[in-house]
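Descriptive analysis of the structure
One-letter residues, chain by chain:
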Amino acid sequence: MILGVFQQLDPYLNIHYITPEEELENEYPESVREGEIYEGYIPVNQEEHRELWETIIQESLISDFSMSSNEASGVIQEMSGMEIDEACRYLEDKYGYYNTEYTWEDTAYRKGTMDEINSYIKDELEEHPFSWYFSRKFADFAGLFMGFTATVLLAVLFMQDMRKNTYELLHTKPISATQYVVGKVAGGFLICLLILGILNLVFWAACMLCTSGNGFEIRLTDFLLATCQYILPNMLMIVCVYTITALLFKNPLPAVPLLFLYMIYSNMGSRNAEGVYGYYGRPLAIMVRFPGMFFDVAPPPMAMVNQICLLIVSAGIILIGIQLWRRRRI
């Protein structure tokens, strides 16, 4: 798990202020749809975004539509008062120039100079410490790896208890249904908590070591808070799925394929109200992803509401499990 998460987070550990001695040139495109700061890309503002788009459209009109420079400039001038959606329709209807909206999307980030990159990093770090951004990327990938690990690891949580002789013996012991079910859930959850605690310490230390010469502020509390908000409710839900499955079928193994399907559902993209495809989160998802760029790590819409709902549903599953265990005992 540590190796897998580190491979995903390693590029972010290389973020630093650019010095005059460093070479910024690379073979990456001048503008892209999504570009990370460690690749030398910075986001463009609305005015610059429009200028970049118009420049590419003008060059394309000259090269692909055999227009003269003056004719292409005239087309750009005609669209000067239009919104982007309207300008794209205009190019499509009048000139048969299709898919210009994709050109707009592909000019959201551009290569920055040394001063621009350093200024961008400084501005973002004035808003939040470096660890605030990094901890959310950590929660993204640690939550993903932890979901699969917990699905495999927790399969043994009820394995021994559900064997016929052990199952019957447990029902003869003076232990209440609440003690048994809550104890098993707590045991599985604490195993996840222990693993996450180790991961938090490892990547907090890695962050401290790799960025020690950059003057970035690194706080362990950012890691712990992100873990509590975006991973722990998911782990509790996974434990509860195993609990209810084991008590219903007297076998925890049917929960394994169910949880893999649950994770696929949680990790699927969707379309928002404007029809734009992306990761916006799903109801009762057991993963919270941060697919944006490093300095754009806003959680999906309604993520915190979803995490609270997971806690409520998990509590409901525990109550149902207690009733099942009690009825089987009777």
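Residues numbered from 1 in each chain as written. Predicted model: local features only at pLDDT ≥ 70, side-chain atom pairs only at ≥ 80, totals over all residues. Heavy atoms only, no water.

Some points on the overall build of the protein chain
How we decide: What counts as a helix is a DSSP run of H or I of at least four residues, what counts as a strand is a run of E of at least two, and both are numbered from the N terminus. Relative accessibility thresholds used throughout: buried, under 20% of the residue-type maximum; exposed, over 50%; partly exposed, between the two (1.4 Å probe, protein chains only). Here, two residues are considered to be in contact whenever any of their heavy atoms come within 4.5 Å of each other. Under the convention used here, a 1.4 Å probe and the Shrake-Rupley method define accessible areas, while residue burial counts only the protein chains that appear. When charges are tallied, Lys and Arg are placed among the positive residues and Asp and Glu among the negative ones, while His and the ends of the chain are skipped. Charge placement uses NZ in Lys and CZ in Arg. For Asp and Glu, CG and CD serve respectively.
In terms of regular secondary structure, the protein chain is built from 13 helices and five strands. Structurally, the protein chain occupies a C-alpha span of about 90 × 50 × 30 Å along its principal axes. Expressed as a percentage of the 330 residues in the protein chain, the buried residues total 45%. Looking at the protein chain alone, contacts between residues at least 24 apart form 74% of all its contacts between residues at least 6 apart. For the protein chain, the computed accessible surface area is about 17300 Å², with 59% contributed by carbon and sulfur atoms. For the protein chain, the distance from the average position of its 22 positive side-chain charges to the average position of its 39 negative side-chain charges is 25 Å.

Observations regarding empty space enclosed by the protein
Selection criterion: Here a cavity denotes a set of grid points, spaced 1 Å apart and computed over the protein atoms alone, in which a 1.4 Å probe fits but from which it cannot get out, and a pocket denotes an open set meeting protein on both sides within 12 Å along at least five of seven lines; residues with an atom within 4 Å of a point are reported as lining. Grid points are joined across faces, edges and corners, and a volume is the space filled by probe spheres set on the points. Residues were grouped as follows: Ala, Val, Leu, Ile, Met, Phe, Trp, Tyr, Cys and Pro as nonpolar; Asp, Glu, Lys and Arg as charged; and all remaining residues, including Gly, as polar.
According to the stated counting rule, one finds one cavity of 30 Å³ or more in the structure shown. By volume, the largest cavity amounts to about 40 Å³. For the largest cavity, the full set of lining residues is Gly-35, Glu-36, Ile-37, Tyr-41, Pro-43, Tyr-109, Tyr-120, Met-293, Phe-294 and Phe-295. For the lining of the largest cavity, the residue count by class is eight nonpolar, one polar and one charged.

So, a negative patch on the surface
To be explicit about the condition: Put simply, a patch holds well-exposed residues, over 30% relative accessible area, that have no salt bridge, with like charges counted together within 9 Å and Val, Leu, Ile, Met, Phe, Trp or Tyr side chains within 5 Å. Salt-bridge detection follows one rule: a side-chain nitrogen of Lys or Arg within 4 Å of a carboxyl oxygen of Asp or Glu.
A cluster of like negative charges, contributed by Glu-83, Asp-85, Glu-86, Glu-92, Asp-93 and Glu-101, occupies part of the molecular surface. Residue contributions to the negative patch peak at four residues, all from helix 4 (residues 84-95). Along the polypeptide, Glu-92 turns up in helix 4.

Quick word on the confidence of the model for the protein chain
Applied cut-off: pLDDT measures the predictor's confidence residue by residue and takes values from 0 up to 100.
Overall, the prediction assigns the protein chain a mean pLDDT of 90, with 97% of residues at 70 or greater. Summarising per-element confidence for the protein chain, the mean pLDDT is lowest in strand 5 (residues 277-278) (73) and highest in helix 10 (residues 220-230) (96).

Some thoughts on the packing of helix 7 (residues 130-153) against helix 11 (residues 232-249)
Applicable threshold: Note on geometry: axes are C-alpha line fits, over the in-contact stretch for helices, and angles between N-to-C directions span 0 to 180 degrees. Orientation is classified from the angle alone, with under 35 degrees giving roughly parallel, over 145 giving roughly antiparallel, 65 to 115 giving roughly perpendicular, and any other angle giving oblique. Handedness of a crossing is defined here by the sense of rotation of the near helix relative to the far one, left-handed for an anticlockwise turn of less than a right angle and right-handed for a clockwise turn.
Two elements in contact, helix 7 and helix 11, have axes separated by 10 Å at closest approach and are oriented at 25°. Relative to helix 11, the element helix 7 is oriented roughly parallel. Once helix 7 is placed against helix 11, the crossing between them reads as right-handed. Side by side, helix 7 and helix 11 meet where Met-146, Gly-147, Ala-150, Thr-151 and Val-152 of the first sit next to Met-235, Ile-238 and Tyr-242 of the second. Per-class residue counts for the contact of helix 7 with helix 11 are six nonpolar, two polar and no charged.

Digging into the side chain of Thr-245
Its location among the elements puts Thr-245 in helix 11. Accessibility expressed as a relative area gives 5% for Thr-245, which makes it buried. Look past the residues within four positions of Thr-245 in its chain and what remains in contact with it is Lys-250, Asn-251, Pro-252, Pro-254 and Ala-255.

Concerning the sheet that holds strand 3 (residues 109-111)
Quick reminder of the rule: For two strands to count as paired, DSSP must find a minimum of two bridges between them.
Strand order in the open sheet formed by three strands is 1-3-2, and the pairing between neighbours is antiparallel. The open sheet has two edge strands, strand 1 (31-32) and strand 2 (41-43), and neither has a second partner. In the sheet, strand 2 pairs with strand 3 via three bridges, with the strands oriented antiparallel. By the bridge assignment, Pro-43 is partnered in strand 3 with Tyr-109.

Overview of the nonpolar core
Heads up, the rule is: To qualify as a nonpolar core, a set must consist of buried Ala, Val, Leu, Ile, Met, Phe, Trp, Tyr and Cys residues joined through side-chain atoms within 4.5 Å.
In terms of nonpolar packing, the biggest core is built from 74 residues, with Phe-130, Phe-134 and Trp-325 touching the most fellow members. Broken down by element, this core gets its largest block of residues, twelve residues, from helix 11. Discounting residues that sit within four places of it in the chain, Phe-134 has contacts with Leu-9, Tyr-12, Leu-13, Phe-203, Cys-207, Phe-223 and Phe-294. Core analysis: the second largest hydrophobic core is formed by 16 residues, Trp-53, Met-79, Ala-87 and Trp-104 among them.

Remarks on the side chain of Gln-307
To be explicit about the condition: Polar contacts here mean pairs of N or O atoms no more than 3.5 Å apart (in protein, one a potential hydrogen donor and the other a potential acceptor; neighbouring residues in sequence count only if both atoms are side-chain atoms).
Examined against the element boundaries, Gln-307 turns out to sit in helix 13 (residues 303-329). In this structure Gln-307 comes out as buried when scored by relative accessible area, which is 2%. A distance of 3.0 Å separates the side chain of Gln-307 from the backbone oxygen of Gln-229, its partner in a polar contact. Among the polar contacts listed, one links the side chain of Gln-307 to the side chain of Asn-306, at a separation of 3.4 Å. Ignoring anything within four residues of it in the chain, the contact list for Gln-307 reads Gln-229, Tyr-230, Ile-231, Pro-233, Asn-234, Ala-285 and Val-288.

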